[in-house]
Amino acid sequence: MTIYSLYIYDRHCACVYYQDWHRTKQPKRAGEGGGVLNAVSQAISPLATDSAAPTPSAFSSPRNTLSSSGLVVAVGEDPVTHLPNPTEHARSNTLPFDEEAKLVYGVVLSLRNMVKKISGRDEQFTSYRTSSYRLHLYETVSGYKFVMLSDAATDGLRFVLRQIYNGPFVEYVVRNPLVPMDSRSQGIDNDYFRASIDRLVRGLSVFN
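So, a few notes on the structure that sits alongside this text. (Residues numbered from 1 in each chain as written. Predicted model: local features only at pLDDT ≥ 70, side-chain atom pairs only at ≥ 80, totals over all residues. Heavy atoms only, no water.)

1. Comments concerning the packing of aromatic side chains
Line of reasoning, step 1. Across all of its chains, the model carries 16 aromatic pairs by this definition.
Line of reasoning, step 2. Between Tyr 9 and Tyr 105, the ring centres sit 5.0 Å apart and the planes meet at 50°, which makes this aromatic pair tilted. Taken together, the residues span a long stretch of sequence, with Tyr 9 in strand E1 (residues 3-9) and Tyr 105 in helix H2 (residues 97-119) at a distance of 96 residues. Like Tyr 105, Tyr 9 is buried.
Line of reasoning, step 3. For the pair Tyr 172 and Tyr 192, a centre-to-centre distance of 6.0 Å together with 15° between the ring planes defines the contact as stacked. One end of the pair, Tyr 172, is in helix H3 (residues 158-174); the other, Tyr 192, is in helix H4 (residues 191-202), with 20 residues separating them in the sequence.
Line of reasoning, step 4. Connected via pairs of aromatic rings, a cluster forms that spans Tyr 17, Tyr 138, Tyr 144, Phe 146, Tyr 165, Phe 169 and Phe 193. (Phe/Tyr/Trp six-rings, centres within 6.5 Å; stacked < 30°, edge-to-face > 60°. Helix = DSSP H or I, 4+ residues; strand = E, 2+ residues; numbered from the N terminus. Buried < 20%, exposed > 50% of the residue type's maximum accessible area, 1.4 Å probe, protein only.)

2. Here we look at the pairing of strand E7 (residues 145-150)
Line of reasoning, step 1. With six of six residues buried, E7 is to be regarded as a mostly interior element.
Line of reasoning, step 2. The alternating pattern of E7 places Lys 145, Val 147 and Leu 149 on one face and Phe 146, Met 148 and Ser 150 on the opposite face, and all of these are buried.
Line of reasoning, step 3. As defined by bridge partners, E1 adjoins E7 across six bridges and the pair is classed as antiparallel. Bridging from a neighbouring strand, Ile 3 pairs with Ser 150 of E7.
Line of reasoning, step 4. In terms of strand pairing, strand E6 (residues 134-139) meets E7 through six bridges, oriented antiparallel. Bridge pairing in E7 links Arg 134 to Ser 150.
Line of reasoning, step 5. Between E6 and the antiparallel strand that follows it, E7, lie five residues; Gly 143 among them carries a positive phi value of about 95°. (Pairing = 2+ DSSP bridges.)

3. Here's the deal with the sheet that holds strand E2 (residues 15-20)
Line of reasoning, step 1. Taken together, five strands build an open sheet; the order of strands is E2-E1-E7-E6-E5 and the sheet is antiparallel. Two strands in the sheet have a free side with no partner beyond their single neighbour: E2 and strand E5 (127-129). With strand direction ignored, the average angle separating the axes of adjacent strands in the sheet is 10°. (Axes fitted to C-alpha atoms, helices over the stretch in contact; angles between N-to-C directions.)

4. Describing the nonpolar core
It is characteristic of soluble globular proteins that their nonpolar side chains tend to be buried jointly.
Line of reasoning, step 1. Core analysis: the largest hydrophobic core is formed by 43 residues, its most contacted members being Ile 3, Leu 6, Tyr 7, Ile 8, Leu 135, Met 148 and Ile 188.
Line of reasoning, step 2. Elements that contribute at least two residues to this core include exactly E1, E2, H2, E6, E7, H3 and H4.
Line of reasoning, step 3. With six residues, H2 is the single largest residue contributor to this core.
Line of reasoning, step 4. Among residues more than four places away in sequence, those in contact with Leu 6 are Tyr 17, Tyr 18, Gln 19, Trp 21, Val 147, Met 148, Leu 161, Ile 164 and Ile 197. (Core = buried A, V, L, I, M, F, W, Y, C linked by side-chain atoms within 4.5 Å. Contact = heavy atoms within 4.5 Å.)

5. A closer look at the pattern of salt bridges
Line of reasoning, step 1. Taken as a whole and assessed by the stated rule, the structure comprises seven salt bridges.
Line of reasoning, step 2. A salt bridge links Lys 145 to Glu 139; the nearest nitrogen and oxygen atoms lie 3.4 Å apart.
Line of reasoning, step 3. Exposure remark for Glu 139: the relative accessible area of 29% places this residue in the partly exposed category.
Line of reasoning, step 4. Here Glu 171 and Arg 175 are joined by a salt bridge, their closest N and O atoms 3.4 Å apart.
Line of reasoning, step 5. Sharing partners across several salt bridges, the network here consists of Arg 112, Glu 139 and Lys 145. (Salt bridge = Lys/Arg side-chain N within 4 Å of Asp/Glu carboxyl O.)

6. Structural notes on H4
Line of reasoning, step 1. In this model H4 runs 16 Å from its N-terminal to its C-terminal C-alpha over twelve residues, within 8% of the 16 Å that 1.5 Å per residue would give.
Line of reasoning, step 2. On the buried face of H4, the contacting elements are E1, E2, E7 and H3.
Line of reasoning, step 3. In this structure Asn 190 caps H4, since a side-chain oxygen of it lies 3.3 Å from the backbone nitrogen of Tyr 192. (Expected span 1.5 Å × (residues − 1). Polar contact = N/O pair within 3.5 Å; in protein donor to acceptor, adjacent residues only side chain to side chain.)

7. Here we look at the side chain of Ser 196
Line of reasoning, step 1. Summarising the element assignment, Ser 196 is placed in helix H4.
Line of reasoning, step 2. On the basis of relative accessibility, which here comes to 13%, the residue Ser 196 falls in the buried class.
Line of reasoning, step 3. If near-sequence neighbours (up to four positions away) are discounted, Ser 196 is found in contact with Pro 168 and Tyr 172.

Written out as structure tokens, the structure is:
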């Protein structure tokens, strides 16, 4: 049994926090203008492009020369062969994070609405299981949704999501005047919040 990832959504349906542990395929970074807020996770934020950075010239050194293959190399050295990066290849087969976050929220919203329509408004949707993973949901009175993905054999983790809300979330987000909640432009990621969640999750018996 293990835990894969955690998503937190605000009342405006935006993903304001993300953290993962045992994912075999890391999500792609969100593209520029993809709708991901700032301060959600450094691992999935769009890469900043610095157009003002100087581009190193191939002819900046007198030892540079052209090889027969057209590559610029130093005299007396072999041409550098650029091998494909296996990590980049693995990420190329996954969705950008902004699309992934929307899909996760869409599944939660659809199943929650279906449960209420079929079983009545007092019925709550808390989790569902597939052959490869299980999704766990905890929704607060204020409309925040805590979503955790684990392997399929894991028991219900709604109590863990409640602990995250009552502990790290209240302590380092709600009571932190530097965290702009419901800003529609800023996530809630900060070092203390992330470290506290990491300690809590790694201390669980289901975390391997």
